[in-house]
Amino acid sequence: MLRRELPLDARQGHVIRLAEGRIAPAPDGGVLQPVMPWTAQMQPLGYWHDVPLALSLEASAGSDWPTARDWLARLPESRFPLVSTALQVGAWLRDHRFCGRCGAPSERLDAEFAMHCRACGHRNYPRISPCIITLVTHGEALLLARSPRFPPGRYSTLAGFIEPGESAEEAVRREIFEEVGIAVGRVRYFRSQAWPFPHSLMLGFFAEAASRRIRIDGVEIADAAWFSPRQLPQLPPLYSISRALIETHLAEVAAR
């Protein structure tokens, strides 16, 4: 279990080695390197089962370092917070080396996740971008769509970023209408998932379609269709909240 309390006095502990979106495998095949002394450049992350944990940003990745998506596909769900936290904190450290207000170099603070600018006093914290991800249903049928970026044959749920001043529920209705031209009735919250590509927080919802007429936008969505629970396309990976939404709906249909 990951305890999100910075080990301020620790001088050694587990280490996650990260570079170029890849994580070094440990001797036991996982992502946690054995307990070792820490250097001043390492970023404390918290405690893993009461053992201090830090992130080490490396200059380059080894040829045998799996990508983050590969790790998420092979690790148990309990390890997801390790990978997600390391990736998001690593992206923050990489992208906030200089002050976004005055351009002066920033320095890392020890007591919290913060980059401080001594020139103007501005502080940057790890960015978290809230998104909605929604499974649209009509009775038993599921509305699934394809992004142009998806592997061939894969379909998934609809998703999009929440805009400034917008509630999550408003974002659900707007994104669904923009992407597939469907108005929805009841919207039901499911759960959330940190999605470290690079720093999203996915808020999962179910939404009931008012009709089955689809009109795709042709930009973010390459194709969309209604599917029966008994005849589904290639689905998103098991570790994703989109797959959890789909599997939850399928279980509810089977229990009726």
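These remarks concern the structure in this document.

**A word on the overall build of the protein**
Counting secondary structure elements, the protein contains four helices and 15 strands. Oriented by its inertia axes, the alpha-carbon framework of the protein measures out at about 60 × 45 × 30 Å. When burial is assessed residue by residue, the protein has 48% of its 256 residues classed as buried. For the protein, contacts bridging at least 24 residues in sequence account for 64% of all contacts bridging at least 6. Where the 29 positive side-chain charges of the protein centre and where its 27 negative ones centre are 2 Å apart.

**Some details on the state of the cysteines**
Tallying each qualifying case throughout the model produces zero disulfides. Among the cysteines around Cys117, which has no disulfide bond, Cys102 carries the closest sulfur, lying 3.6 Å off. The thiol sulfur of Cys120 is not disulfide-bonded, and the nearest other cysteine sulfur, from Cys99, lies at 3.6 Å. Judged by relative accessible area, which is 29%, Cys120 ranks as partly exposed.

**A closer look at unusual backbone geometry**
Along the chain, Phe197 connects to Pro198 via a cis peptide bond; the corresponding omega equals 0°. Among the secondary structure elements, Pro198 is positioned in the loop between β13 (184–195) and β14 (200–209). For His49, which is not glycine, the phi dihedral falls at a positive 50°. Looking at the secondary structure, you find His49 in the loop between β5 (43–48) and β6 (51–57). Residue classification places His49 among the exposed residues on the basis of a relative accessible area of 54%.

**Digging into the nonpolar core**
Formed by 39 residues in total, the largest nonpolar core has its most connected members in Ile16, Val31, Leu55, Leu82, Val83 and Leu144. Of the residues forming this core, the biggest block, eight residues, is contributed by helix α2 (residues 80–95). In contact with Leu144, other than residues within four places in its own chain, are Leu135, Tyr155, Ser156, Thr157, Asp223, Ala224, Ala225, Phe227, Pro233, Leu235 and Ile246. The next biggest cluster of nonpolar side chains, apart from the first, holds 21 residues, and it includes Val172, Val184, Ala209 and Ala224.

**Comments concerning the pattern of salt bridges**
Tallied over the entire structure, the rule returns 14 salt bridges. Arg174 serves as the salt-bridge partner of Glu166, at 2.7 Å between the closest nitrogen and oxygen. A residue is classified by how much of its surface remains accessible, and Glu166, at 18% relative accessible area, is buried. In the salt-bridge network here, residues are joined through shared partners; they are Glu163, Glu166, Arg174, Glu175 and Glu178.

**Some thoughts on the sheet that holds strand β8 (residues 115–116)**
Reading across from one edge, β7-β8-β9 is the order of the three strands in this open sheet, with antiparallel pairing throughout. Each edge of the open sheet carries a strand with a single partner, namely β7 (107–108) and β9 (123–124). Where β8 and β9 come together, two bridges link them in antiparallel fashion. By the bridge assignment for β9, His116 is matched with Arg123.

**Examining the packing of aromatic side chains**
Scanning the entire structure with this criterion turns up six aromatic pairs. On the numbers, 6.0 Å between centres and 75° between planes, the contact of Trp92 with Phe113 is edge-to-face. Placement of the pair is Trp92 in helix α2 and Phe113 in the loop between β7 and β8, with a sequence separation of 21 residues. Ring centres 5.5 Å apart and planes at 70° place the aromatic pair Phe190 and Phe206 in the edge-to-face group. Residue Phe190 is located in strand β13, and its partner Phe206 is located in strand β14; the two are separated by 16 residues in the primary sequence. An aromatic cluster is built from Trp195, Phe197 and Tyr239, whose rings are joined through pairwise contacts. One residue, Arg69, lies across the ring of Phe197, its end atom 3.9 Å from the ring centre. Sitting over the face of the ring of Trp71, Arg74 holds its NZ or CZ atom 4.8 Å from the ring centroid.

**Some remarks on α2**
With 16 residues, α2 should reach 22 Å at 1.5 Å per residue; the first-to-last C-alpha distance of 23 Å fits that figure. Of all 16 residues in α2, 13 are buried, a share of seventy percent or more.

What counts and what doesn't
- Residues numbered from 1 in each chain as written.
- Predicted model: local features only at pLDDT ≥ 70, side-chain atom pairs only at ≥ 80, totals over all residues.
- Heavy atoms only, no water.
- Helix = DSSP H or I, 4+ residues; strand = E, 2+ residues; numbered from the N terminus.
- Buried < 20%, exposed > 50% of the residue type's maximum accessible area, 1.4 Å probe, protein only.
- Contact = heavy atoms within 4.5 Å.
- Lys, Arg positive; Asp, Glu negative; His and termini not counted.
- Charge placed at Lys NZ, Arg CZ, Asp CG, Glu CD.
- Disulfide = S-S within 2.5 Å.
- Core = buried A, V, L, I, M, F, W, Y, C linked by side-chain atoms within 4.5 Å.
- Salt bridge = Lys/Arg side-chain N within 4 Å of Asp/Glu carboxyl O.
- Pairing = 2+ DSSP bridges.
- Phe/Tyr/Trp six-rings, centres within 6.5 Å; stacked < 30°, edge-to-face > 60°.
- Lys NZ or Arg CZ within 6 Å of the ring centre and 35° of its normal.
- Expected span 1.5 Å × (residues − 1).

So far we have only geometry, and geometry alone does not tell us how the molecule works.
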